[in-house]
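Tertiary structure, described
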Amino acid sequence: MATLQDFRDERIRKLEEIKKLGINPYPANSGRTIMAAEATKSFEKLQGRTETVVGRIKSIRKFGKLAFIVVEDFSGSLQLFIRDGEIGNVNPENGELGIKQLNLLDTGDFVEAIGEIIKTQTGEISIGVKTLRLLAKSLRPMPLQHEEFSDKEERLRRRYIDINVNKDVRDRFVRRSKFWQATRQFLLDHDFIEINTPVLEHTTGGADANPFVTHMDALSQDFYLRISQELPLKRLIGAGYERVFDIGPRFRNEGIDEEHLPEHISMESYAAYQDHEDGMKFYEAMIKYVANETWGTLQFERDGLKVDLDQDWPRISYADIMREKFDVDVFNPDSKQLKKILTESKVEFDKNANDSRLLDGVWKLIRRQSAGPFWLINEPVEISPLAKCDPQDSRVTQRFHPIILGTELGNGFSELNDPVDQLARFVEQQKMRDDGDNEAMMLDIDFVEMLEYGMPPTCGWGSSERNFWLLEGVSGREGVPFPHMRHEISDVTREIYKDVKL
């Protein structure tokens, strides 16, 4: 049975023959005039016209003086009909192949074909080829069917193959692009300005997360990869911008699971002179808009939970739902009770975790069983260090989370703009960090200084591509093109490049 090495050796041999003919197997230019799908869809209008198509070879059939090659571009596939006497002879100067050189082509090669749009005797819409050029020689055979490339580990490691053979994966990342396009467009349509913020920060904050640390030689200082865009964007609000947002990567040095990846795309936006009430109305509309633009529906299902976003979302108090489900008093938490609940639910937790972390663990038990949609509101001050207190109840903050299909699809609040209050909360967070909580926020004194110059009332919002993964119905690793994995090199590749230090 032929091995990958055997196939590659044969293709190398063909590559050398092509070079001996004086043909460049990797030219820079091509001249496509039409996509493959357009030739099929608009055949009545295009019949008889000479067009140029390009694509990857999916199959080759040769019968004496006739040959049929199916090529595929991003739009679809199209047949090339080749007849001896109609296709030109080999022309090295222009890189053109004749019918005798078809045996030098393989599936996976990229070609360019010029000819009339016709129908064959069997009714197949085709290009009647007059000129055929090789655009790129493939040295490894591409699997032709999903069944030939279905191992999850291999699929994630060699995504370029996965996308080629699994069209549902290819289409997923088109939807991912639409998801962020729709998000950006909604904000731009509502007068937000997109301003990119630094990825490298002296002090990182804006979320509970363990940061990555790197070193900048030019300044001889350690920097953190940002865990959030929050604090720089709020500095911009203090600078005088009234509506700003940033879409880009953030980094959290934590585990990989269905809902979390250490690197992922996120969005944060801030609007001056708005509060949490304005925010809930605005971001509910945005989530609905983005879902409809991306998937064309507002009804979703995952893991046995069903949700219909097409409604006014109710609001549920954090304290009320914790009391209702587990009889927990979030304002006077009992550590023993919280640990007992988590233990009985078989949830792992740090035995030294503080009450805020334990409360969050219990809340997640409720969240995972909640289809939604609803807004979770009135979270305690202790777990919301950047949110403004509710003037009616100083124990809680004006913070809001949308709960959909067992997940928090965002985080928003009336931003804290009291520098004295903010400093006190930072000091408390820094104490937690000094006591061993690596996810607690750092004290950012520069941000406190900005607040002392003044920042207007502001509503902030942050969300990530976890929203896309959830509504798409996939895990985080399936939801990004190139998930992080342990670096490995296959034995076949090591053998092929045995003279190269890998």
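These numbers come from a predicted model, not from an experiment. (Residues numbered from 1 in each chain as written. Predicted model: local features only at pLDDT ≥ 70, side-chain atom pairs only at ≥ 80, totals over all residues. Heavy atoms only, no water.)

**Some thoughts on the overall build of the protein chain**
Secondary structure summary: the protein chain contains 16 helices and 22 strands in total. C-alpha atoms of the protein chain, sized along the principal axes, occupy 90 × 55 × 50 Å. Taking all contacts inside the protein chain whose residues are at least 6 apart in sequence as the whole, residues at least 24 apart take part in 65%. For the protein chain, the computed accessible surface area is about 25,100 Å², with 48% contributed by carbon and sulfur atoms. (Helix = DSSP H or I, 4+ residues; strand = E, 2+ residues; numbered from the N terminus. Contact = heavy atoms within 4.5 Å. Areas by Shrake-Rupley, 256 points an atom, 1.4 Å probe, with all protein chains shown as cover.)

**Thoughts on a nonpolar patch on the surface**
Among the surface-exposed residues, Leu 423, Val 427 and Ile 445 lie close enough to one another that they form a single nonpolar patch of about 230 Å² accessible area. Counting through the fold element by element, Leu 423 comes out in helix 12 (residues 419–434). In this structure Leu 423 comes out as partly exposed when scored by relative accessible area, which is 31%. (Patch = residues over 30% accessible without salt bridge, like charges linked within 9 Å, V, L, I, M, F, W, Y side chains within 5 Å. Salt bridge = Lys/Arg side-chain N within 4 Å of Asp/Glu carboxyl O. Buried < 20%, exposed > 50% of the residue type's maximum accessible area, 1.4 Å probe, protein only.)

**Section: helix 9 (residues 318–326)**
An α-helix turns once per 3.6 residues; consequently, residues spaced three or four apart project the same way. Of the residues making up helix 9, those classed as buried are Tyr 318, Ala 319, Ile 321 and Met 322. Where helix 9 is buried, its residues meet strand 15 (315–317), helix 11 (355–367) and strand 16 (374–377). Immediately beyond the C-terminal end of helix 9, within one or two residues, lies Asp 327, with a positive phi of roughly 55°.

**Here we look at the pairing of strand 1 (residues 50–63)**
As judged from the 7 bridges shared by strand 1 and strand 5 (residues 110–119), these two strands associate in the antiparallel manner. Following the sheet pairing, Val 54 is matched in strand 5 by Glu 112. With 7 bridges joining them, strand 1 and strand 2 (residues 66–73) adopt antiparallel strand pairing. Residue pairing in the sheet places Arg 61 in a bridge with Phe 68 of strand 2. Turn length for the strand 1-strand 2 hairpin, with the two strands adjacent in sequence and antiparallel, is 2 residues, and the turn residue Gly 64 shows positive phi of about 65°. (Pairing = 2+ DSSP bridges.)

**Brief notes about the sheet that holds strand 9 (residues 213–216)**
Judged by pairing direction, the sheet is antiparallel, and its 3 strands sit side by side in the order 8-10-9 without closing on themselves. Edge positions in the open sheet fall to strand 8 (200–201) and strand 9, since each of these has one partner strand only. Note: strand 8 against strand 10 (residues 221–225), 2 bridges, orientation antiparallel. Residue Glu 201 lies in a different strand from strand 10, and its bridge partner there is Tyr 224.

**A word on the packing of helix 7 (residues 230–239) against helix 13 (residues 445–453)**
Between helix 7 and helix 13, the shortest axis-to-axis distance is 10 Å and the interhelical angle comes to 20°. With respect to helix 13, the element helix 7 is oriented roughly parallel. Helix 13 is crossed by helix 7, and the crossing has left-handed handedness. For the pair helix 7 and helix 13, contact is made by Leu 231, Lys 234, Arg 235 and Gly 238 and by Asp 446, Phe 447 and Met 450, respectively. Among the residues forming the contact of helix 7 with helix 13, the class breakdown is 3 nonpolar, 1 polar and 3 charged. (Axes fitted to C-alpha atoms, helices over the stretch in contact; angles between N-to-C directions. Parallel < 35°, antiparallel > 145°, perpendicular 65-115°, else oblique. Left-handed = near helix turned anticlockwise from the far one by under 90°. Nonpolar A, V, L, I, M, F, W, Y, C, P; charged D, E, K, R; others polar.)

**A few points about the side chain of Thr 397**
Structurally, Thr 397 is set in strand 18 (residues 393–397). Assessed through its relative accessible area of 1%, Thr 397 is described here as buried. Separated by 3.4 Å, the side chains of Thr 397 and Ser 384 make a polar contact. The contact partners of Thr 397, leaving out residues within four places of it in the chain, are Asn 378, Glu 379, Pro 380, Val 381, Ser 384, Ala 387, Lys 388, Cys 389, Asp 390 and Arg 425. (Polar contact = N/O pair within 3.5 Å; in protein donor to acceptor, adjacent residues only side chain to side chain.)

**Thoughts on the confidence of the model for the protein chain**
The share of residues in the protein chain with pLDDT of 70 or more is 99%, and the mean pLDDT across the chain is 94. Within the protein chain, the lowest mean pLDDT, 86, falls on helix 16 (residues 491–496), and the highest, 98, falls on strand 7 (residues 193–194). (pLDDT = per-residue confidence, 0-100.)

**Some thoughts on the environment of Glu 379**
Along the chain, the position of Glu 379 falls in the loop between strand 16 and strand 17 (389–390). Each C-alpha atom of the pair Glu 379 and Val 290 lies 27 Å from the other, and the pair is 89 residues apart in sequence. Contacts of Glu 379, omitting those with residues within four sequence positions, involve Tyr 318, Ser 384, Arg 395, Val 396, Thr 397, Arg 399 and His 401.

**Digging into helix 13**
Within the sequence span of helix 13, burial applies to Phe 447, Val 448, Met 450 and Leu 451. Across the axial projection of helix 13, the buried residues extend over an arc of 155°, all falling on one side. Exposed positions of helix 13 whose direction lies more than 90 degrees from the buried face are Glu 452 and Tyr 453. As for helix 13, its buried residues are in contact with helix 7 and helix 12. Positioned one or two residues after helix 13, Gly 454 has a phi angle of 115°, which is positive. (Arc of directions from axis to C-beta.)

**Concerning the environment of Glu 478**
Inspection of the secondary structure puts Glu 478 in helix 15 (residues 476–479). Not counting residues within four places of it along the chain, the set of residues in contact with Glu 478 comprises Lys 152, Arg 155, Leu 156, Arg 159, Arg 172 and Phe 173. Engagement of the side chain of Glu 478 in a polar contact is seen with the side chain of Arg 155, the distance being 2.9 Å.

**Concerning the state of the cysteines**
Going through the model one piece at a time under the given rule, you end up with 0 disulfides. Cys 389 carries a free sulfur, and the closest cysteine sulfur to it, the one in Cys 459, is 16 Å from it. (Disulfide = S-S within 2.5 Å.)

**Overview of the packing of helix 9 against helix 11**
Running from N to C, helix 9 and helix 11 point in directions that differ by 75°, and their axes come no closer than 10 Å. Taken as axis vectors, helix 9 and helix 11 run roughly perpendicular relative to one another. Across the interface between the two elements, Tyr 318, Ile 321, Met 322, Lys 325 and Phe 326 of helix 9 pack against Leu 359, Asp 360, Val 362, Trp 363, Leu 365 and Ile 366 of helix 11. A class-by-class count of the residues in the contact of helix 9 with helix 11 yields 9 nonpolar, no polar and 2 charged.

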